[in-house]
Amino acid sequence: MNEINIIVAGPRGRMGREAVNLVKETPHFRLTAVVDRINNGKLLSDMEGFSGLDVPIYTDIHECFREVEADVLIDLTTPDLGFLHTKSALENGVRPVVGTTGFTPEQLEELKELAERKSLGCIIAPNFAVGAVLMMKFAQTAAKYFEDVEIIEMHHDQKLDAPSGTAVKTAEMIGVNREPKAQGHENEKETISGARGAEVDGMRIHSVRLPGLVAHQQVIFGSNGQTLTIRHDSYNRASFMSGVKVSVETVLQLTTLVYGLESIID
Ligand SMILES: NC(=O)C1=CN([C@@H]2O[C@H](COP(=O)(O)OP(=O)(O)OC[C@H]3O[C@@H](n4cnc5c(N)ncnc54)[C@H](O)[C@@H]3O)[C@@H](O)[C@H]2O)C=CC1
Ligand SMILES: O=C(O)C1=N[C@H](C(=O)O)C[C@H](O)C1
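Here's what I pulled together on the structure shown here. (Residues numbered from 1 in each chain as written. Chains lettered and ligands numbered in written order. Predicted model: local features only at pLDDT ≥ 70, side-chain atom pairs only at ≥ 80, totals over all residues. Heavy atoms only, no water.)

### A few points about the sheet that holds strand β7 (residues 148–155)
Then, number 1: Across the sheet, which stays open at both edges, the five strands sit in the order β8-β9-β7-β10-β11 with mixed pairing between neighbours. Of all strands in the sheet, those with a lone pairing partner are β8 (198–200) and β11 (226–234), marking the two edges. Each strand of the sheet is rotated relative to its neighbour by a mean of 20 degrees, with strand direction disregarded.
Then, number 2: In terms of strand pairing, β7 meets strand β10 (residues 215–223) through eight bridges, oriented antiparallel. Paired with His-155 across the two strands is Ala-215, which belongs to β10.
Then, number 3: Packing of helix α5 (residues 130–142) onto the sheet brings it into contact with β10 and β11, and relative to β11 it is tilted by some 165 degrees. (Pairing = 2+ DSSP bridges. Helix = DSSP H or I, 4+ residues; strand = E, 2+ residues; numbered from the N terminus. Axes fitted to C-alpha atoms, helices over the stretch in contact; angles between N-to-C directions. Contact = heavy atoms within 4.5 Å.)

### Here we look at the pattern of salt bridges
Then, number 1: One pass over the structure, following the stated rule, counts 13 salt bridges.
Then, number 2: Residue Glu-3 pairs with Arg-30 through a salt bridge whose shortest N-O separation is 3.5 Å. Within this pair, whereas Glu-3 is found in the segment before β1 (4–9), its partner Arg-30 is found in strand β2 (residues 29–35), the two being separated by 27 residues in sequence.
Then, number 3: Arg-209 is paired through a salt bridge with Glu-153; the nearest N and O atoms lie 2.6 Å apart. Taken together, the residues span a long stretch of sequence, with Arg-209 in strand β9 (residues 203–209) and Glu-153 in strand β7 at a distance of 56 residues. (Salt bridge = Lys/Arg side-chain N within 4 Å of Asp/Glu carboxyl O.)

### Looking at the state of the cysteines
Then, number 1: A full pass over the atoms with the stated rule returns zero disulfides.
Then, number 2: Cys-64 carries a free sulfur, and the closest cysteine sulfur to it, the one in Cys-122, is 17 Å from it.
Then, number 3: Residue classification places Cys-64 among the buried positions, given a relative accessible area of 0%. (Disulfide = S-S within 2.5 Å. Buried < 20%, exposed > 50% of the residue type's maximum accessible area, 1.4 Å probe, protein only.)

None of this, on its own, says anything about what the molecule does.
Now the structure itself:
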């Protein structure tokens, strides 16, 4: 297999550290640089926990793309930055694999248009864990049989976006097989604002944030006399890495933007 040159943005984050490790441990992956918010001009190996990784750190992604050869950018940063990084990668002929969540539909559309204009692959995956992708697919199928559904996503308390990217994507996939429907009692009233969660086409999304959690979601369907619960748990960030690896390998074959891994792991 040909060597794939990779830049990782957000290398010191919870996911970024795992991604750097994945690149290091994969024989045909080569880390060529990292993009961080501090330590411009230093080497990654100068940072604690990255010994042997003598690649440059850039705080300016444009400069990084000008100076460093790369096939793929892996972005695991924050919603605002992730969008700018993805755009910049496409403009510089580098294929993005993006795990960062919290993009708006308009941002996704803009990136899709840009990827198509440049004929470049781009993968934006709200969740790289294979079990989570299956949970979303199963929920989409279940929605053919149940019209009432609520999503409860549970994450660590350092998460910036709510609802999670996975919950938003799950609602979107359920929406393929479910007509919009107001759920609950027609006279329902919240006595404390937010009690019924966020609303997408009448279905509800509840976001739990607690220390101790990693990434968890249950999708609960209900109908007369029965419920169906589909649940996925990530207990560590390594659970996402096989999806990152497949995405890096696949994005090189694509000429458009793919949002979600469900079509890739089919
Ligand atoms: N798609 C998936 O399977 C998963 C996606 N995520 C998403 O990945 C993103 C990162 O999550 P975590 O690693 O938990 O967050 P984190 O807060 O641990 O890491 C974010 C990193 O971004 C870095 N950053 C901030 N400003 C920067 C800048 N100017 N340039 C470069 N880097 C900068 C921070 O220094 C930090 O290292 C989030 O959007 C999260 O929702 C998280 C887990 C799985
Ligand atoms: O921030 C996280 O941790 C996670 N973010 C992604 C999301 O928003 O769905 C994926 C996973 O749930 C972990």
